[in-house]
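# Summary of structural features
What follows is each chain in one-letter form.
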Amino acid sequence: MSNAPELTISVHPSTASISASTWNGLASGGRQRPGNPFLEHAFFRALEESGCATGRTGWQPQHILISRGDAPVGLMPLFLKSHSMGEYVFDHAWADAIERAGGKYYPKLQSSVPFTPASAPKLLTAHDDADAKILLLQAAEALAERLGASSVHATFVTETEEAIATAADWLVRHDTQFHWTNDGFARFEDFLDTLQSRKRKAIRRERRDALADGITCEWVTGNDLTEAHWDAFYAFYMDTGSRKWGRPYLNREFFSCISASMGDRIVLMLARDGRDYIAGALNFLGDDTLYGRNWGAVRDVPFLHFELCYYQAIDFAIAHGLKRVEAGAQGQHKLARGYAPVTTRSIHHLVHPGLRRAVADYLADERKYVELQNAELGDYTPFRKG
């Protein structure tokens, strides 16, 4: 007879109902703090407590926690959703297909960092416990059945999680992002030296034009972040976000929350004209990666977007010895600026057998397309051949 403690599975309606030490311990593989800032307890809590990711906005937390006795062994950040906004992996066609056939796609369960298209583990275990990860997938399937959800999705997962989900008969979807890699550069000019001559000249011209007429850039982080900085950035975010997708997802309170709880993981890059801030880019700092998230401006300055979001990020990564810059979703224009294509992954459990068959066939073709596209895009990077 085994004396091992029994496994228990609990579903939590808020991040606050799980202790920060439990959450961060599982999200960091047993360390005190996750290497990825978007996995921090404080990040999820700020999204919920600011009102950005709650039941009222269609993001009802349903975080799954697995424990063995008193010891937590697995966590899956999870939300019950009534729409597909803020995910960056588009399943609107799937929803339309099942609803035209008389079914219901919503609610669905979504494992993701809300409004954040950055790859990070979603099956969180303290010691890379493959069995616990499988249990998390099974628990999510059972929860979907209990809640009457059409499906479970985990977006921007790792390659290891893709393999585990494939073995569990989940569907896999691939997409493309563009990341910059630091090959041991000591300064920005070292990076430029790896590019073709005309590409080097184009980037130097863009940087010169962006900072013409006395415009300067500054990096603000940690205790130097003030409410005045956030007021300025929020104006940029709202202006650009409203024009781009109609309704920005983040409210002003969210930025104050994360500044107070994890300011050392934030790098706010601001462009100033004299005394006035005119544009800004919000970045988050991981152990070895700078993650570009939101950008905005209240004045149209040629190439300033590229300067703040791409070139300043490269400058920061080089200065701080970071391995890479992840500049967010989509954007083939990043290729010419030294950002190379990488594959992103998501996993999907669809309850309806007919929808599952149709989506499985579609995803098989889509993965082939993404593989071919990334190989082709790789030929268009600006780096010198050989």
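Below is a short write-up of the structure.

Conventions adopted
Residues numbered from 1 in each chain as written. Predicted model: local features only at pLDDT ≥ 70, side-chain atom pairs only at ≥ 80, totals over all residues. Heavy atoms only, no water. Pairing = 2+ DSSP bridges. Helix = DSSP H or I, 4+ residues; strand = E, 2+ residues; numbered from the N terminus. Axes fitted to C-alpha atoms, helices over the stretch in contact; angles between N-to-C directions. Contact = heavy atoms within 4.5 Å. Core = buried A, V, L, I, M, F, W, Y, C linked by side-chain atoms within 4.5 Å. Buried < 20%, exposed > 50% of the residue type's maximum accessible area, 1.4 Å probe, protein only. Parallel < 35°, antiparallel > 145°, perpendicular 65-115°, else oblique. Left-handed = near helix turned anticlockwise from the far one by under 90°. Nonpolar A, V, L, I, M, F, W, Y, C, P; charged D, E, K, R; others polar.

## Re the sheet that holds strand β4 (residues 71-76)
On the basis of which strands lie adjacent, the open sheet formed by three strands has the order β1-β3-β4 and antiparallel pairing. Each edge of the open sheet carries a strand with a single partner, namely β1 (7-12) and β4. Between one strand and the next, the sheet's axes are offset by a mean angle of 25°, whatever the strand orientation. Set on the sheet, helix α4 (residues 130-147) makes contact with β1, β3 (63-68) and β4; between it and β3 the angle comes to about 130°.

## Quick look at the nonpolar core
Residues F43, F254, F255, I258 and F284 are the most contacted members of the largest nonpolar core, which totals 43 residues. For this core, the elements supplying multiple residues, two or more each, are α1 (20-27), α2 (41-49), α8 (227-245), α9 (252-262), β10 (266-273) and β11 (276-285). In terms of residue count, the dominant contributor to this core is α8 (six residues). Residues within four places of F254 in sequence aside, it is in contact with F43, A46, L47, S50 and C52.

## A word on the sheet that holds strand β13 (residues 324-329)
Strand order in the open sheet formed by eleven strands is β2-β5-β6-β7-β14-β8-β13-β12-β11-β10-β9, and the pairing between neighbours is mixed. Looking at which strands have only one partner, the edges of the open sheet turn out to be β2 (59-61) and β9 (215-221). Here the strands of the sheet are splayed against their neighbours by 30° on average, with no regard to which way each runs. Sheet analysis places β9 next to β10, joined by seven bridges and oriented antiparallel. The partner of T216 across the bridge, within β10, is R272.

## Some thoughts on unusual backbone geometry
A cis amide bond, omega 10°, links Y106 with the succeeding residue P107. Turning to its location among the elements, P107 is positioned in the loop between α3 (92-100) and β6 (108-111). Even without glycine at this site, D128 takes up a positive phi of about 50°. Looking at the element boundaries, D128 is found in the loop between β6 and α4. One non-glycine residue, F156, adopts positive backbone phi at about 55°. Its location among the elements puts F156 in strand β7 (residues 151-157). The class of F156 is buried, set by a relative accessible area of 4%.

## Points about the packing of helix α7 (residues 197-210) against helix α10 (residues 304-319)
Taken N-terminus to C-terminus, the directions of α7 and α10 make an angle of 115°; their axes are 9 Å apart at the nearest point. As far as their axial angle goes, α10 and α7 are roughly perpendicular. The handedness of the crossing between α7 and α10 is left-handed. From α7, I203, E206, R207 and A210 reach across to α10, where they touch L304, F306, E307, Y311, Q312 and D315. When grouped by side-chain class, the residues that make up the contact of α7 with α10 number five nonpolar, one polar and four charged.

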